[in-house]
Amino acid sequence: MNLSRHTQAVKPSQTLQFNKKALEMIRAGIDVIKLTAGEPDFNTPEEIVDAANDAMRRGYTKYTDSTGIVELREAIARKLCEDNGLDFDPGEIVVTNGGKQALYSLFKATINDGDEVILITPCWVSYEAQVKMNGGKPVFVTAEEVDGFVPDPAVIERAISTRTTAIVINSPNNPTGAVYSRQFLKELARLSADHDLLVISDEVYEKLIFEGSHESIASEEGMKGRSAVVNGFSKSHAMTGWRIGYLAAPRHIAEEVAKIQDHLCSNVNTIAQHAALRAFSVDNTRMVEAFRKRKQVLSEGLQDMGLQFVIPRGAFYFFVDVKGFLGSDYADSLELAIAMLEKGRVGVVPGSAFSYEGYIRLSYATSEDDIREAIQRMGRFFGEITAPPS
Ligand code: GLU
C-alpha cells in the first residue's frame, strides 16, 4: 500500500519525542527533570478557565465560523493594531489549532511542488517538516553564534532563487532567544520586496521578552501585503493544551487558509475560542517575571559549569554549545541528549532537532527548584564525560 512521499520525508518531532520520553520515565517513577518542551509549568489563569466554563454553560458548544468567532477575530485585530501597529481586519485573520496549524495552513496555501522556503537555522523543528509535508523544499541559511544567532541579510539574499516563495522568521527565537532588531527587519523587508517573497513571521514568543522590544516585520512599510503573522496563546498565557493560535495575512492568503480550515477541522474548539477571548484582558507579567528569574538562575549555573551560550533576550530557552563534549563518549548532540536523559536524568533537546549540530536546548519554562536541581545534575554529568581528543 502506498504512503505519501511527503510525509515519509519527515521524522517525528524531536521536541515532542524527547518530552514524551521524559514524561514516560517520570510516570515509571524515575526522577527526571524535564527541560524539554517549551511549555510553561503554570496553570492557565483562573479567569480564562472561568471563561471556558461560562461558554459551555451559555451553550457555546456548537460550530463557529471556520475562521473563528468574530469577537475573537476582532479582539485579535485590536491587539495587532495596539501592540504591533498593524492594520488587519477580522476578514484577514484565521483562528487556528495553535500556531502550529497556522504555519501548516500558510505553507499549504502558498507552496507549489518544488517551491523553496528559506529557513534560518537554528530553527524550530516543525518548519522543515511542514514545508516538506506540503511538497516544498526547505533551504537553510545559518545564523552564527558570534552574531547572536541573527542571520546576515547578505547570506539570506544569496540563498534566494527563482523558486523561492517564502522565508520564515521567528523572533523572539526558539531555540536561541535571539530578538531581531528593527534594522534587520528593514533589510529583510527590502529582500522581500526585491524578490517578491512572503515573510512568514512566527511571533508566538512575543510576550516573553527580557531585553529590547518585539517588532513585527508586517509593520515595515509595504510589508503588510507581504507578511503573514502567526501568534497564539500557548506560551503567553500557559494555554498549550487548549490548542489555540491565529494568523493574520493578506486577504487572498487568509481566504485560502479559510478554505483549508473548512475542509480540515471546521473550526477551532468553540470553548477554547471563548477562553482565548478572555486572555486578552489577563496580565501575564507575573509569568514573565518568573521566567526572568529562572533565566538568571540557569544562566549563572551554566556559566559556573564553564559552558558557552548567547544570553537569550526572549522566549524561554538556552541554546548551549556542547561541541567540547562531543567526539569521544558521544558522537553528536542526539547521543548526548539521550545520555543526559538516561544517565544524567535531565531531559533536553539536541541541537540537531533545530538543524544545528553541536548544541543542546534547555527550556526554563519549569520551576526554579527544578532548574537548580538540573544544574547540579548537569554539572555531575558533564564532569564524567571523557575529554574528546584535541
Ligand atoms: N514549541 C515547543 C517547543 O519547541 C513545544 C513543542 C513543539 O511543538 O515542538 O518545545
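Up top you'll find the structure we're talking about.
The model shown is predicted, which means the values in this text are computed figures rather than measured ones. (Residues numbered from 1 in each chain as written. Predicted model: local features only at pLDDT ≥ 70, side-chain atom pairs only at ≥ 80, totals over all residues. Heavy atoms only, no water.)

Caption draft 1: Quick look at the pairing of strand E7 (residues 227-232). Most of E7 is tucked away, with six of its six residues classed as buried. Here E7 shows two buried faces, one formed by Ser-227, Val-229 and Asn-231 and the other by Ala-228, Val-230 and Gly-232. Inspection of the sheet shows strand E6 (residues 198-202) paired to E7 by four bridges, in the parallel sense. In the strand pairing of E7, Asp-202 is matched with Val-230. Where E7 lies against strand E8 (residues 245-248), four bridges are found, and the strand directions are antiparallel. Note on E8: the bridge partner recorded for Val-230 is Leu-247. (Buried < 20%, exposed > 50% of the residue type's maximum accessible area, 1.4 Å probe, protein only. Helix = DSSP H or I, 4+ residues; strand = E, 2+ residues; numbered from the N terminus. Pairing = 2+ DSSP bridges.)

Caption draft 2: Examining the sheet that holds E6 more closely. Strands sit in the order E2-E8-E7-E6-E5-E3-E4 across an open sheet of seven strands; the sheet is mixed. Each edge of the open sheet carries a strand with a single partner, namely strand E2 (93-96) and strand E4 (137-142). Here the average twist between neighbouring strands, direction ignored, is 20 degrees. Strand direction decides the pairing type here: E2 and E8, joined by four bridges, are antiparallel. Each residue of the ladder has a partner; that of Thr-96, found in E8, is Gly-245. Contacting E2, strand E3 (116-121), strand E5 (164-170), E6, E7 and E8, helix H5 (residues 98-110) runs over the sheet at an angle of about 160 degrees to E7. Taken strand by strand, helix H6 (residues 125-133) contacts E3, E4, E5 and E6, and its axis lies near 150 degrees from that of E4. (Axes fitted to C-alpha atoms, helices over the stretch in contact; angles between N-to-C directions. Contact = heavy atoms within 4.5 Å.)

Caption draft 3: How the structure looks around the nonpolar core. In this structure, Leu-336, Leu-362, Met-378 and Phe-382 are the most contacted members of the largest nonpolar core, which totals 71 residues. The residues contacting Phe-382, other than those within four sequence positions of it, are Met-305, Leu-307, Val-322, Phe-325, Leu-336, Met-340 and Ile-360. In this structure, Ile-48, Met-239, Ala-248 and Ala-272 belong to the second largest nonpolar core, which totals 25 residues. (Core = buried A, V, L, I, M, F, W, Y, C linked by side-chain atoms within 4.5 Å.)

Caption draft 4: Up close: the sheet that holds strand E13 (residues 359-363). One open sheet accounts for four strands, arranged E9-E10-E13-E12; its pairing is antiparallel. Edge strands, defined here as strands with exactly one partner in the open sheet, are strand E9 (308-309) and strand E12 (349-350). Bridge analysis of E9 against strand E10 (residues 317-321) gives two bridges, and the strand direction is antiparallel. Bridging from a neighbouring strand, Phe-309 pairs with Val-320 of E10.

Caption draft 5: Quick look at unusual backbone geometry. In the segment running from Thr-121 into Pro-122, the intervening peptide bond is cis, with an omega of 0 degrees. Position of Pro-122 among the secondary structure elements: in the loop between E3 and H6. Note the cis peptide between Asn-174 and Pro-175, where omega equals 20 degrees. Position of Pro-175 among the secondary structure elements: in the loop between E5 and helix H8 (182-195). In this structure, Ala-238 takes a positive phi of about 50 degrees despite not being glycine.

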